[in-house]
Amino acid sequence: MSEVFDYRGTEDFSTWGFRFPNPKDSSLLLPLGHHVDVYFPPQKRSRVSAPFVVSGEQKQKSSIEVLPDECLFEVFRRLPGGQERSACACVSKRWLMLLSCIRRDELYTDKITQSVEPEKRSNPKKEDTCSELEQKGGYIDSNEIKAEAEEEDQETEANGYISRCLEGKKATDVRLASIAVGTGSRGGLGKLSIRGTISIRGVTNLGLKAIARGCPSLRSLSLWNISSIDDEGLFEIANGCRLLEKLDLCRCSTITDKSLLAIAKSCPNLTSVTIESCLNIGNESLQALGCFCPNLKSIAVKNCRLVGDQGIANMFSSAGRVLTKVKLQALNISDVSLAVIGFYGHEVTDLALTGLQNVNERGFWAMGNGQGLQKLKSFVVTACRGVSDVGLESMGKGCPNLKQTCLRKCPLLSDKGLASFAKTAGSLVSLQLEECHRITQFGFFGILGNSRKLKALVVENCLGIRDTDFEFPCMSLCNSLRYLTIRNCPGFGNASLAIVGRLCPKLLHLNLVGLQGITDEGLLPLVQNSEDGFTKVNLSGCVNLTDSVVSAIVKMHGSTLELLNLDGCRHITDASLVEIADDCLLLSELDVSGCGITDSGIAALAGAVHLILQILSLSGCSSVSDKSLASLGILGQTLVGLNIQHCHGISLGAVDLLVERLWSCDILA
């Protein structure tokens, strides 16, 4: 051997010299391993047909990787429990996808123990051998453990407690496969939401197939803005997730009526369905849902061009006895659909209609006269030109239990129809009017004079309401009204506000937003006539109010006031903060953004021992400076939210100190 190492001939073992620095090292020879240099005489041909690597490592596959998918499938379905399956799924993407294809009913349950147990009893000679196997964790004992673990896994998976939401780049087939395999041993997947996906490596039918096979406990599925999933994926859900209760499809352009039909037939527990902007879903789907889903409670169909009167009619004629919540938006339906709803909607409690351009006055009239909406409690209409005085009055008469009504963008609705509706809807508790420009001051007070149970009134962006010099006749007081909101109605001024103060003495929440026409003169009578005491007052955007009205509010309602919003009331000064500090006992939220507040006002608030503010907004108060740092520190002992944005008098250093000291308070700066 030494002669071999001391070889100094003209030819070396290899033309490029020795590979290792010390060729005499015996470890290089036994064993040869992968790092080896071998000399082959050029006149001899190698008998090995496999490729030969002269230098470097040759990566060899493990024996289990050589197994085909069919063999691995049989191995994986014999794993004892969910933890073992999850561990194997972490090995490679191939293993993960194979595991995700195994259905719960395909998991192996060994019955050999049942045949061995009688044999053990009949053959006492084998008893010792069996006991030894059990002590060593052998075949019999391990299979018993497997069976118990499998039963426990199936029980926990049926609960369906886990929820997952995937958005954007996170929504991939690999993640869905991981969820399908991993949630099985931790309660089972109950809710899955996929919102948007990328075109490359996004969610496809393969991912839904994994969910369908691995998550039979799935009860809620939401698919938003996904074009890579078609009927094939929902077919898998229909076959594997028969406990499905809620389905939400939004902008899924490749899904058609075929898959919805399969879902309806296979998922009898379905209670809620939302279909939005799905261009290939039409009347067949609604008909199937009505026929095959006896527990369907809620249906929402939005912007589906293929849905027409036939689909709505068939659905309500079949499911009218169970449907309670209905929302229809931007559909090509006519008066026929509304007439059918009014006749068959016996259990409907919530009805929302939006953007139905082909529905006329006759449709709303027929829906009210159908006498089928006896249980209707909430009625919302948005941008439907067919809403008129006649149709609304008919709804008031035909819906005796109607409590909440919202009317938005109804250009044909006038004062007469609104007053008649308020009179006929005897159970009305809440009314909201938005962008109904034909409603004037007469209609507004007609509501207050004719509603016996009205508790909340909201009027927004109604440009027809303007102060007039007309003397209103004596009307009964509206003692039931507790919440009043008037927002961005520029014609609503002092005269209207004074009448409100006379008619509504029981107000608790007062929201007057963006009313630039009101002054102290108009608001003071309302403040003085309140009998029970305001709890929440929002006067944001009422730029002409001064400290006088704030002083009156605080003195008369300081013992009950919890919220005061003076955002944008530029004439409010430190005098108001002094009054607030002296008289407000329960105030927890104060907003004086854009007011004429200085450091003195903040100091007054900090000096009020009884004041326990939780939210304070000083945004845009440019006169507040670093001198208020100590006062804000005192107030910060109870604050959970502080807004000092655009307070140019407060330096960055002071802000950093506040953030450091008030660690439990959310600070906007």
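Keep in mind it's a predicted model, so treat the numbers as computed, not measured. Per chain, residues are indexed from 1 in the order of the written sequence. Owing to the predicted nature of the model, reporting of local features is limited to residues with pLDDT of at least 70; listing and counting of side-chain atom pairs is limited to 80 or more, with chain, interface and lining totals taken over all residues. Working from all heavy atoms in the structure, the side-chain values ignore hydrogens and water.

1. Notes on the overall build of the protein
Then, in step 1: Secondary structure elements follow DSSP: runs of H or I of four or more residues count as helices, runs of E of two or more count as strands, with numbering from the N terminus. The helix and strand inventory of the protein stands at 26 helices and 20 strands.
Then, in step 2: Exposure classes here rest on a 1.4 Å probe applied to the protein chains alone. A residue is buried below 20% of its type maximum, exposed above 50%, and partly exposed in between. Here the protein holds 669 residues, and 47% of them are scored as buried.
Then, in step 3: Contact definition: two residues touch when any of their heavy atoms are within 4.5 Å. Counting contacts in the protein only where the partners sit at least 6 residues apart, residues at least 24 apart contribute 82% of the total.
Then, in step 4: What sets the accessible areas is the Shrake-Rupley method with a 1.4 Å probe; for residues, cover comes only from the shown protein chains. When the accessible area of the protein is evaluated, it comes to approximately 33,000 Å², of which 52% is carbon and sulfur surface.

2. What about empty space enclosed by the protein?
Then, in step 1: Here a cavity denotes a set of grid points, spaced 1 Å apart and computed over the protein atoms alone, in which a 1.4 Å probe fits but from which it cannot get out, and a pocket denotes an open set meeting protein on both sides within 12 Å along at least five of seven lines; residues with an atom within 4 Å of a point are reported as lining. Grid points are joined across faces, edges and corners, and a volume is the space filled by probe spheres set on the points. Overall, the coordinates contain one cavity of 30 Å³ or more when judged by the stated rule.
Then, in step 2: Space inside the largest cavity adds up to approximately 70 Å³.
Then, in step 3: Mapped by element, the contributors of at least two residues to the lining of the largest cavity are α5 (93-100) and α9 (173-182).

3. A few points about the packing of aromatic side chains
Then, in step 1: Working definition: rings of Phe, Tyr and Trp (its six-membered ring) pair if their centres are within 6.5 Å, and the pair is stacked with planes under 30 degrees apart, edge-to-face with planes over 60 apart, and tilted otherwise. The full count for this structure, using the stated rule, is three aromatic pairs.
Then, in step 2: An aromatic cluster is built from Phe444, Phe445 and Phe492, whose rings are joined through pairwise contacts.
Then, in step 3: We call a charge positioned over a ring when the NZ of a Lys or the CZ of an Arg lies within 6 Å of the ring centre and within 35 degrees of the ring normal. Residue placement shows Arg195 over the ring face of Trp224; its charged tip is 4.4 Å from the ring centre.

4. Structural notes on the side chain of Ser222
Then, in step 1: Structurally, Ser222 is set in strand β3 (residues 220-224).
Then, in step 2: A residue is classified by how much of its surface remains accessible, and Ser222, at 7% relative accessible area, is buried.
Then, in step 3: In this view, Ser222 contacts Leu192, Ser193, Ile194 and Asp248; residues no more than four positions away in its chain are not counted.

5. Some remarks on the layout of surface pockets
Then, in step 1: Its boundaries defined by the atoms lining it, the second largest pocket holds a volume of some 260 Å³.
Then, in step 2: Lining the second largest pocket are 14 residues, with Ser298, Ile299, Ala300, Lys325 and Lys327 positioned closest to its centre.
Then, in step 3: Elements represented by at least two residues in the lining of the second largest pocket include exactly β5 (272-276), β6 (298-302), β7 (325-329), β8 (350-354) and β9 (378-382).
Then, in step 4: Ranked by the residues each element gives to the lining of the second largest pocket, the list is headed by β6, at four residues.
Then, in step 5: The nonpolar class holds Ala, Val, Leu, Ile, Met, Phe, Trp, Tyr, Cys and Pro. Asp, Glu, Lys and Arg form the charged class, and all remaining residues, Gly among them, are polar. Among the residues forming the lining of the second largest pocket, the class breakdown is six nonpolar, four polar and four charged.

6. Here we look at helix α23 (residues 574-583)
Then, in step 1: Residues Asp574, Ser576, Leu577, Ile580 and Ala581 constitute the buried set of α23. Projected down its long axis, α23 carries its buried residues within an arc of 150°, all on one side.
Then, in step 2: Considering only its buried residues, α23 is in contact with α22 (547-557), β16 (563-565), β17 (589-591) and α24 (599-606). Note that the arc is computed from the directions linking the helix axis to the C-beta atoms.

7. Looking at the packing of helix α14 (residues 309-319) against helix α15 (residues 335-344)
Then, in step 1: Simply put, an axis is a line fit to the C-alpha atoms, just over the touching stretch for a helix, and the angle between two N-to-C directions goes from 0 to 180 degrees. With their axes 9 Å apart at the nearest point, α14 and α15 run at an angle of 5° to one another. Between α14 and α15, the angle falls in the class roughly parallel. Within the contact between the two elements, α14 uses Asp309, Ile312, Ala313, Phe316 and Ser317 and α15 uses Val336, Ser337, Val340, Ile341 and Tyr344.
Then, in step 2: When grouped by side-chain class, the residues that make up the contact of α14 with α15 number seven nonpolar, two polar and one charged. By the definition adopted for this analysis, an angle is roughly parallel if under 35 degrees, roughly antiparallel if over 145, roughly perpendicular if from 65 to 115, and oblique otherwise.

8. Here we look at the side chain of Ser272
Then, in step 1: Tracing the backbone shows Ser272 in strand β5.
Then, in step 2: Looking at Ser272, the relative accessible area reads 16%, which means it is buried.
Then, in step 3: Once you skip the residues sitting within four places of it in the chain, Ser272 turns out to touch Glu245, Lys246, Leu247, Leu296 and Ser298.

9. Examining the environment of Ser551
Then, in step 1: You can see Ser551 is positioned in helix α22.
Then, in step 2: The exposure class of Ser551 is buried, given its relative accessible area of 15%.

10. Some details on the pairing of strand β14 (residues 509-513)
Then, in step 1: Most of β14 sits inside the fold, with four of its five residues counted as buried.
Then, in step 2: For a crossover, the right-handed case is the one in which the path from the first strand over the helix to the second runs clockwise, viewed with the strands pointing away from the viewer. Handedness of the β-α-β unit built from strand β13 (residues 483-487), helix α20 (residues 494-503) and β14 comes out right-handed.
Then, in step 3: A pair of strands is considered paired only if DSSP assigns at least 2 bridges between the two. Of the pairings in the sheet, the one linking β14 to strand β15 (residues 536-538) comprises three bridges and is parallel in character. Note that in β15 the partner of Asn511 across the bridge is Asn538.
Then, in step 4: Following the chain from β14 across helix α21 (residues 520-529) to the adjacent parallel β15, one finds a crossover that is right-handed.

11. Examining the packing of helix α3 (residues 69-76) against α5
Then, in step 1: Packing of α3 against α5 leaves a shortest axis separation of 10 Å and a crossing angle of 65°. Where α3 crosses over α5, the two elements pack in a sense that is right-handed. Residue-level contacts link Asp69, Leu72 and Phe76 of α3 to Arg94, Trp95, Leu98 and Leu99 of α5.
Then, in step 2: In terms of residue class, the contact of α3 with α5 is made up of five nonpolar, no polar and two charged. By the definition used in this description, the sense in which the near helix is turned from the far one sets the handedness, with an anticlockwise turn below a right angle giving left-handed and a clockwise turn giving right-handed.

12. Considering the confidence of the model for the protein
Then, in step 1: Along the chain, pLDDT gives the predictor's confidence residue by residue, from 0 to 100. Residue-level pLDDT values for the protein average 82, and 81% of them are 70 or greater.
Then, in step 2: Every residue in residues 26-41 is under pLDDT 50, and counting partners more than four places away or in other chains gives 17 contacts.

13. Here we look at the pattern of salt bridges
Then, in step 1: Should a side-chain nitrogen of Lys or Arg be within 4 Å of a carboxyl oxygen of Asp or Glu, the pair is scored as a salt bridge. In this structure the tally under the stated criterion is eight salt bridges.
Then, in step 2: Where Arg487 meets Glu460, a salt bridge forms, and the shortest distance between an N and an O atom there is 3.8 Å. Note that Arg487 is positioned in strand β13 and Glu460 in strand β12 (residues 456-460), a separation of 27 residues in sequence.
Then, in step 3: Here the salt bridges do not stand alone but share partners, grouping Lys506, Glu531 and Asp532 into one network.

14. Overview of α22
In an α-helix, one turn spans 3.6 residues, which is why side chains three or four residues apart end up on the same side.
Then, in step 1: A large share of α22 lies buried, amounting to eight of its 11 residues.
Then, in step 2: Among all positions in α22, only Asp547, Val549, Val550, Ser551, Ala552, Ile553, Val554 and His557 are buried.
Then, in step 3: Structurally, α22 contributes buried residues whose contacts are with α21, β15 and α23.

15. Description of a positive patch on the surface
Then, in step 1: A surface patch of positive charge is lined by Lys377, Lys403, Arg452, Lys453 and Lys455.
Then, in step 2: Looking at the secondary structure, you find Lys455 in the loop between α19 (441-450) and β12. Patch definition: residues above 30% relative accessible area lacking any salt bridge, with like charges linked at up to 9 Å and the nonpolar side chains Val, Leu, Ile, Met, Phe, Trp and Tyr linked at up to 5 Å. Charge assignment in this entry is limited to Lys and Arg as positive and Asp and Glu as negative, and neither His nor the chain termini are counted. Taken as the charge centre is NZ of Lys, CZ of Arg, CG of Asp or CD of Glu, depending on the residue.

16. Structural notes on the environment of Leu523
Then, in step 1: Structurally, Leu523 is set in helix α21.
Then, in step 2: Here Leu523 falls in the buried class, since its relative accessible area comes to 0%.
Then, in step 3: In the structure, Leu523 is positioned 25 residues away from Ala498 in sequence and 7.1 Å away in space, judged by C-alpha atoms.

17. Side note on the state of the cysteines
Then, in step 1: Working definition: a disulfide is two cysteine sulfur atoms within 2.5 Å of each other. If you walk through the whole model with that rule in mind, you get zero disulfides.
Then, in step 2: Here Cys595 is not cross-linked by a disulfide; its sulfur's nearest cysteine counterpart is in Cys569, at 5.6 Å.
Then, in step 3: In this structure Cys595 comes out as buried when scored by relative accessible area, which is 7%.

18. A short note on unusual backbone geometry
Then, in step 1: Although it is not a glycine, Asn225 adopts a positive phi angle of roughly 55°.
Then, in step 2: With respect to the helices and strands, the residue Asn225 is situated in the loop between β3 and α11 (231-240).
Then, in step 3: On the basis of relative accessible area, Asn225 is assigned to the partly exposed category, the value being 46%.

19. Thoughts on the environment of Cys647
Then, in step 1: Along the polypeptide, Cys647 turns up in the loop between β19 (641-643) and α26 (652-661).
Then, in step 2: Between the alpha carbons of Cys647 and Val624 there is a distance of 6.5 Å; along the sequence they are 23 residues apart.
Then, in step 3: When residues no more than four places from it in sequence are discounted, the contact partners of Cys647 are Leu618, Ser619, Gly620 and Cys621.

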